[in-house]
Amino acid sequence: MLPNLTSNVVLSVNNVITRFQTSEGTIHAVNGVSFDVRKGELLGVVGESGCGKTVTMMSLVKLLPMPPGEIVEGSAFFEGHDLIQANVSTLQKIRGGSIGFIFQDPMTSLNPVLTVGYQLTEALRLHKSVSKTMARKRAAELLDLVGIPMAKERLNDYPHQFSGGMRQRVMIAIALSCDPKLLIADEPTTALDVTIQAQILDLIKTVRQELGMAIIWVTHDLSVVANLADRVMVMYSGFVVERADVQKLYSAPKHPYTSALLRSLPEMKGERARRLESIEGQPPDQLQFPNSCPFAPRCAYAFEPCNTKNPLLEFVSEGHEVACWWDMEKNVPRKTA
Amino acid sequence: MSMMNISLSADPLLTIKNVKQYFPVTAGFLRRQIGTVKAVNGVDFNILPQENLGLVGESGCGKTTLARTILRLYKPTEGEILFKNVDLATLNSSALRALRPKMQMIFQDPQDSLNPRMTVGSIIAEPIDEHRNLGREERSDRVEELLEAVGLDPRYTNRYPHEFSGGQRQRIGIARALSLNPEFIICDEPIAALDVSIQAQVVNLLEDLQEKLGLTYLFISHDLRMIRHISKRVAVMYLGKIVEIGPARELYTRAQHPYTKALLSAVPLHDPGHEAKRERAVLSGDVPSPANPPTGCPFRMRCPVVETRCAISMPEPREVSPNHWASCHLIE
């Protein structure tokens, strides 16, 4: 990795390894993931289910069930603390305080028996010593900020009185309540309809402009982050396989997996492809730690080194890292292979 | 009333006319009816043999209810469902049973739609046991043939659903739907629960099967991009009604209804450069409750170009170009 201007980095994650002990054996969920999130940046984390994107995020803030989960190695520096080593009380100050969360399903992540107002002020009262009246005032402002009409009146409503999109807005308001420096959004629009998704994406753009926090946006949908992220990191089977500035990643993907994923999406314009390009096979089961490239069995470019050693993430051009032995552009093996 | 039909170059396999499906809303100890959910509120269209009609709409618009009504899993409140010129809406149960093998459904969630306690072989053979009288040998031959047709190893017959991945389970669901040689299959969000890299595999399989077996599909999805790929003709549903229907190319390039336009502009593109330049019409608000739909045009509460007349009457469908129909007052 390039040397970082530490002042500019909000979160610095280094070589996180997370495993799960199950009756069938050890699941190698996250296999040495490193990344930085810069101030005000939106980092997209893309991958299919089981690729370790959520487990990585949960490892950082220790929201994993442990056991069966186990963070074997790694560090994650945030505001001078190593989150992985931090004790529970430090973590509790950070979680919901300077790191906010938005989860996928707004129905199950809100408590159905508490009013929205209560859930909105909970974090405020825990993290900032504010009076009840001040907290309610702030809660109303937050609901207003996320575009809920009649914010003040709606504080006394329960989650079931809100629609799915509105509930996700409430979740965003909660995540924003303590002015986080970092927002971790895990598939925040996956459970929503496209017109509602468009509303939420617009909201995030506005909120980001106004508040300027860094955001990690986890999704399985490459097209959602295309218009949102500054940088995108693609994960496969617990590894980061490619990371680049958003333009570079979409216009010239350098990992066969990224490239195949992009090509498997049907087009919205132009001639309809006669057949979709599909990636045959399925992701590995992760019970074995791979000593070869985990994508090799499904890869159209796989050649001899791919089956014997796992490529490391390396810079191949400015702002573009990839973990692959094959240079797709020049159609030759990389020097390191 | 004009019909949102394709002009007939062949006899349609399925014609539905003014289909309505209402559900009562009850309350209290005596289950008194206090209202009606108008899940499907007057839908017309037809599907030609070997056609693939895409049905798009957001959750709660009535897509799945319409699918279930067409297959007579619900008894329609009103309307006609002509399948090969037989009206399913009024058919008695024995006559309906005789027709069932011709119409099948593939469900969204391959996890929930397969019985975890049955082997793959018995899941696929269940419709055969129910409708045909095959000997043991013939039955197992048929199961193996079906497994092969959907790209699974025929040796898997004695395995259980949990031993398969999501994509493979969806293939099992497809094999079951094919077991009685149907002519018409409703695919209800068949890829929504699958990973991106697996979606293309399943869509390709469905397309191959359609070509090989001459199937007719009603393909329900909220994924407008996939619908554009798989369907030649597309219907857009909003609050229990079809608001626009037409050939896919035409509908995607010259959408007439403001809802269709908004839906299309909400689809995120995987092209950061183009995305930044695109003009997007983001709809405000949510879909109104079908228990209390607005008067007049169902879309008027969210419509960016709404006028006073939209509240007064429901717009009639108009044919804006050959086989392209849209229901909006603003279309001249």
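Above this text you will find the structure in question.
My aim in this report is to walk through the structure given alongside it, one point at a time. (Residues numbered from 1 in each chain as written. Chains lettered and ligands numbered in written order. Predicted model: local features only at pLDDT ≥ 70, side-chain atom pairs only at ≥ 80, totals over all residues.)

1. Here we look at the overall build of chain A
Helix and strand counts for chain A come out as ten helices and 14 strands. For chain A, the C-alpha radius of gyration of 21 Å lies close to 20 Å, the compact-globule estimate for 337 residues. Along the first, second and third principal axes, the C-alpha set of chain A runs to 65 × 50 × 45 Å. The burial tally for chain A puts 50% of its 337 residues in the buried class. Summarising the internal contacts of chain A: among those between residues at least 6 apart in sequence, 64% fall at separations of at least 24. (Helix = DSSP H or I, 4+ residues; strand = E, 2+ residues; numbered from the N terminus. Rg over C-alpha atoms; globule rule 2.2 N^0.38 Å. Buried ≥ 20, exposed ≤ 12 C-beta atoms within 10 Å, placed from the backbone. Contact = placed C-beta atoms within 7 Å.)

2. Here's the deal with the overall build of chain B
A tally of helices and strands in chain B yields eleven helices and twelve strands. Taken over the C-alpha trace, chain B has a radius of gyration of 21 Å; the compact-globule value for 332 residues is 20 Å, and the two agree within 12%. If one aligns the C-alpha atoms of chain B with their principal axes, the spans along those axes are about 70 × 55 × 50 Å. The buried share of chain B, reckoned over its 332 residues, is 45%. Considering only intrachain contacts with a sequence separation of at least 6, the fraction spanning at least 24 residues in chain B is 65%.

3. Things to note about the sheet that holds strand E9 (residues 231–236) of chain A
Sheet strands associate in pairs through backbone hydrogen bonding, adopting either a parallel or an antiparallel arrangement. Residue and element names in this part refer to chain A. What the eight strands build is an open sheet, ordered E6-E7-E8-E3-E9-E10-E12-E11; its pairing is mixed. The two strands at the open ends of the sheet, each matched to only one other strand, are strand E6 (99–102) and strand E11 (314–317). The sheet shows a mean angle of 20 degrees between the axes of neighbouring strands, taken without regard to direction. Bridging between strand E10 (residues 239–245) and strand E12 (residues 320–322) involves three bridges; their strand directions are antiparallel. (Pairing = 2+ DSSP bridges. Axes fitted to C-alpha atoms, helices over the stretch in contact; angles between N-to-C directions.)

4. Examining the packing of helix H7 (residues 194–211) of chain A against helix H9 (residues 258–266) of chain B
Direction vectors running N to C along H7 of chain A and H9 of chain B enclose 55 degrees, while the axes themselves pass 8 Å from each other. Judged by the inter-axis angle, H7 of chain A sits oblique to H9 of chain B. In this structure, the crossing between H7 of chain A and H9 of chain B has a hand that is left-handed. Residues Val 194, Thr 195, Gln 197 and Ala 198 of chain A of H7 of chain A touch H9 of chain B, and the partners they reach there are Ala 262, Leu 263 and Ala 266 of chain B. (Parallel < 35°, antiparallel > 145°, perpendicular 65-115°, else oblique. Left-handed = near helix turned anticlockwise from the far one by under 90°.)

5. Points about the pairing of E6 of chain A
Residues and elements named next belong to chain A. Every second residue of E6 is oriented toward a common face, with Ile 99 and Phe 101 on one face and Gly 100 and Ile 102 on the other, all of them buried. Across four bridges, E6 lies against strand E7 (residues 182–186) in parallel orientation. Paired with Phe 101 across the two strands is Ile 184, which belongs to E7.

6. Regarding the interface of chain A and chain B
Listed per partner, the contact involves 35 residues of chain A and 33 residues of chain B. Taken together, the elements giving at least two residues each to the side of chain A that touches chain B come down to H7, helix H8 (222–226), helix H9 (246–251) and helix H10 (256–264) of chain A. Tallying contributions element by element places H7 of chain A first for the side of chain A that touches chain B, with seven residues. When the residues that make up the side of chain A that touches chain B are grouped by side-chain class, the tally is 16 nonpolar, 13 polar and six charged. (Nonpolar A, V, L, I, M, F, W, Y, C, P; charged D, E, K, R; others polar.)

7. Some points on the nonpolar core
Judged by nonpolar contacts, the single largest core of 189 residues is most densely connected at Ile 216 and Trp 217 of chain A together with Val 236 of chain B. Apart from the residues within four sequence positions on either side, Ile 216 of chain A is in contact with Val 37, Leu 43, Val 45, Met 57, Ile 184 and Ala 185 of chain A. (Core = buried A, V, L, I, M, F, W, Y, C linked by C-beta atoms within 7 Å.)

8. Some details on the pairing of strand E11 (residues 318–321) of chain B
Residues and elements named next belong to chain B. Judged from the three bridges that link them, E11 and strand E12 (residues 324–326) form a sheet pairing that is antiparallel. When the sheet's bridge partners are listed, Glu 319 is paired in E12 with Trp 325. In this structure, the hairpin formed by E11 and E12 is closed by a connection of two residues, where Asn 323 is found at a positive phi of approximately 65 degrees.

9. What about the sheet that holds E12 of chain B?
All names here are of chain B. Here we have eight strands laid out as an open sheet, ordered E6-E7-E8-E3-E9-E10-E12-E11, and mixed in their pairing. Lying at the two open borders of the sheet, with one neighbouring strand each, are strand E6 (103–106) and E11. Each adjacent strand pair in this sheet contributes to an overall mean axis angle of 20 degrees, direction not counted. Across five bridges, strand E7 (residues 184–188) lies against strand E8 (residues 216–221) in parallel orientation. Bridging across to E8, Ile 185 finds its partner in Tyr 217. With respect to the sheet, helix H5 (residues 166–178) is in contact with E6 and E7, its orientation differing from that of E6 by roughly 175 degrees.

10. Side note on the environment of Pro 127 of chain B
Residues and elements named next belong to chain B. On the secondary structure map, Pro 127 appears in helix H3 (residues 120–131). On the basis of neighbour count, Pro 127 is assigned to the partly exposed category, with 18 C-beta atoms found within 10 Å. Taking C-alpha positions, Pro 127 is 8.4 Å from Ala 177, a pair spaced 50 residues apart along the chain. Residues within four places of Pro 127 in sequence aside, it is in contact with Arg 176, Ser 179 and Leu 180.

11. What to know about helix H1 (residues 53–60) of chain A
Residues three or four positions apart in an α-helix share a direction because the helix packs 3.6 residues into each turn. All names here are of chain A. Here H1 lies mainly inside the structure; eight of its eight residues are buried. The set of residues buried in H1 consists of Lys 53, Thr 54, Val 55, Thr 56, Met 57, Met 58, Ser 59 and Leu 60. In the segment just after H1, Lys 62 is the residue with positive phi, at about 55 degrees.

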